[in-house]
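Remarks on the overall topology
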Amino acid sequence: PEESIASKTIIGKDDLFSTLLQVDIKAYPNPSHQGDVTISFKVPATSHTILEVFTITGERIALLYDAVAQKDNINLSILDGNILPPGIYFYRLTVESDVVEPVTISKLIITK
């Protein structure tokens, strides 16, 4: 199938548009001033899921989750914000499923 990134839709055999399911993901506190940052996510379909944290230059600094996430379960991962220097980071959730948006990237700010 042909994928349109801008509209987040796919074109099926019958040329009908169907929206890919979205994941629910958030980090808190964000911005973080000190201590742990909790990243919670919920996927709409049971699937192998990877949660990673990257620097602004693209260097992976943490692998927080690499397992099968069950549909509609809330998953919590903890990032120790105390070991990170102040800056902007990105957390990426990759979901291996044909019905879920495959990659979600969000910004995380660490201040001291």
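Everything that follows concerns the structure shown earlier in this document.
Described below are features of the structure shown in this document. Not measured: the values here are computed from a predicted model.

The rules behind the values
- Residues numbered from 1 in each chain as written.
- Predicted model: local features only at pLDDT ≥ 70, side-chain atom pairs only at ≥ 80, totals over all residues.
- Heavy atoms only, no water.
- Helix = DSSP H or I, 4+ residues; strand = E, 2+ residues; numbered from the N terminus.
- Contact = heavy atoms within 4.5 Å.
- Salt bridge = Lys/Arg side-chain N within 4 Å of Asp/Glu carboxyl O.
- Patch = residues over 30% accessible without salt bridge, like charges linked within 9 Å, V, L, I, M, F, W, Y side chains within 5 Å.
- Areas by Shrake-Rupley, 256 points an atom, 1.4 Å probe, with all protein chains shown as cover.
- Buried < 20%, exposed > 50% of the residue type's maximum accessible area, 1.4 Å probe, protein only.

**Let's talk about the side chain of Thr38**
Of note, Thr38 is situated in strand S5 (residues 36-42). Filtering out sequence-adjacent residues up to four positions away, Thr38 remains in contact with Lys26, Ala27, Tyr28, Leu76, Ser77 and Ile78.

**Notes on the pattern of salt bridges**
Overall, the coordinates contain 2 salt bridges when judged by the stated rule. One salt-bridge network, in which partners are shared between bridges, spans Glu52, Arg60 and Arg92.

**Description of the environment of Leu79**
In this fold, Leu79 is placed in strand S8 (residues 75-80). In contact with Leu79, other than residues within four places in its own chain, are Gly35, Asp36, Val37, Val53, Ala62, Leu64, Leu84 and Leu108.

**Quick look at a nonpolar patch on the surface**
On the surface, Tyr28, Ile74 and Leu76 cluster together into a nonpolar patch covering about 340 Å² of accessible area. By secondary structure assignment, the location of Tyr28 is in strand S4 (residues 24-28). Residue class for Tyr28 comes out partly exposed when judged on its relative accessible area of 38%.

Scope: geometric values only; no functional claims are made or implied.
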